[in-house]
Amino acid sequence: KQEVTQIPAALSVPEGENLVLNCSFTDSAIYNLQWFRQDPGKGLTSLLLIQSSQREQTSGRLNASLDKSSGRSTLYIAASQPGDSATYLCAVRDDKIIFGKGTRLHILP
Amino acid sequence: DAGVIQSPRHEVTEMGQEVTLRCKPISGHNSLFWYRQTMMRGLELLIYFNNNVPIDDSGMPEDRFSAKMPNASFSTLKIQPSEPRDSAVYFCASRQPSGNTIYFGEGSWLTVV
């Protein structure tokens, strides 16, 4: 059974710092991995999707990497801003889409 | 595009009552997912449909939960009878054929007292 773990559960960093969020999964037989952002009281918004054959994807200040063999992904946020404060979730797709519990990120002004 | 539309956004109901949550997927999407989110358990997949057919309902917690998709533009998740432990946010999501990204609705916030 696929399990997705995100560490840390919560993170506070000063504005302007670069940071890394981690995601690990137990079964490497995945189609893709996706990072989402969730604001309080809202649904999930897709940030980046990495296919199983890819190593990384970039969008603006965000960079996501995938090491399928080791069951790990990271989301790198450069030059963090207060508007980046949210919960970040990763999800892997095998025959279903399984989510981690997320990392609550707080950027301190 | 209007996105995935869920209703109601918020519902408070008494234990034992029937609850029906509704979802309209994005037009043209053929996969639909129902998730439940709680602080303790995170996002759990309850059931998903492909082309209106339930593919995997192994996440449905018990017989009190049922889901239907009578056509490509509408799905319901029903809880009967409801219990306080069913209190959670219920999300619907959809995905287009051969697509990768899933799109979430804003969720239905259910409180059972």
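Let me begin by describing the structure that accompanies this report. Worth saying up front: this structure is predicted, and the values here are computed from it rather than measured. (Residues numbered from 1 in each chain as written. Chains lettered and ligands numbered in written order. Predicted model: local features only at pLDDT ≥ 70, side-chain atom pairs only at ≥ 80, totals over all residues. Heavy atoms only, no water.)

So, the sheet that holds strand β1 (residues 5-7) of chain B
Residue and element names in this part refer to chain B.
Then comes step 1: Pairing is antiparallel across the open sheet formed by 4 strands, whose spatial order is β1-β3-β8-β7. The open sheet terminates on both sides in strands that have one partner only, identified here as β1 and β7 (65-71). Each neighbouring strand pair of the sheet contributes to a mean axis angle of 15°, computed without reference to strand direction.
Then comes step 2: Pairing between β1 and strand β3 (residues 19-24): 3 bridges, direction antiparallel. Its bridge partner lying in β3, Ser7 is registered against Arg22. (Pairing = 2+ DSSP bridges. Helix = DSSP H or I, 4+ residues; strand = E, 2+ residues; numbered from the N terminus. Axes fitted to C-alpha atoms, helices over the stretch in contact; angles between N-to-C directions.)

Looking at the state of the cysteines
Then comes step 1: Per the stated rule, a full pass over the model turns up 2 disulfides over all chains.
Then comes step 2: Covalent S-S linkage joins A:Cys23 and A:Cys90, the inter-sulfur distance amounting to 1.9 Å. Classification of the bridge connecting A:Cys23 and A:Cys90 rests on its S-S torsion, roughly 70°, and on that basis the disulfide is right-handed. Of this pair, A:Cys23 sits in strand β3 (residues 19-25) while A:Cys90 sits in strand β9 (residues 86-93), and the two are 67 residues apart along the sequence.
Then comes step 3: For B:Cys23, the disulfide goes to B:Cys92, at an S-S distance of 1.9 Å. Judged by the torsion about the S-S bond (-70°), the B:Cys23/B:Cys92 disulfide is left-handed. With B:Cys23 in strand β3 and B:Cys92 in strand β9 (residues 88-95), the pair connects residues that are 69 residues apart, well separated along the chain. (Disulfide = S-S within 2.5 Å.)

Some words on the interface of chain A and chain B
Then comes step 1: Taken residue by residue, the interface counts 18 residues in chain A and 22 residues in chain B.
Then comes step 2: Between chain A and chain B the total buried area reaches about 1,600 Å² when both faces are included, carbon and sulfur atoms providing 51% of it.
Then comes step 3: Here chain A is connected to chain B by 2 salt bridges.
Then comes step 4: Every element with two or more residues in the side of chain A that touches chain B is listed here: β4 (32-38), β5 (44-51), β9 and β10 (97-99) of chain A.
Then comes step 5: Grouping the constituent residues of the side of chain A that touches chain B by class yields 6 nonpolar, 7 polar and 5 charged. (Contact = heavy atoms within 4.5 Å. Buried area = accessible area lost by both parts, 1.4 Å probe. Salt bridge = Lys/Arg side-chain N within 4 Å of Asp/Glu carboxyl O. Nonpolar A, V, L, I, M, F, W, Y, C, P; charged D, E, K, R; others polar.)

Everything listed is a geometric property; what it means functionally is a separate question.
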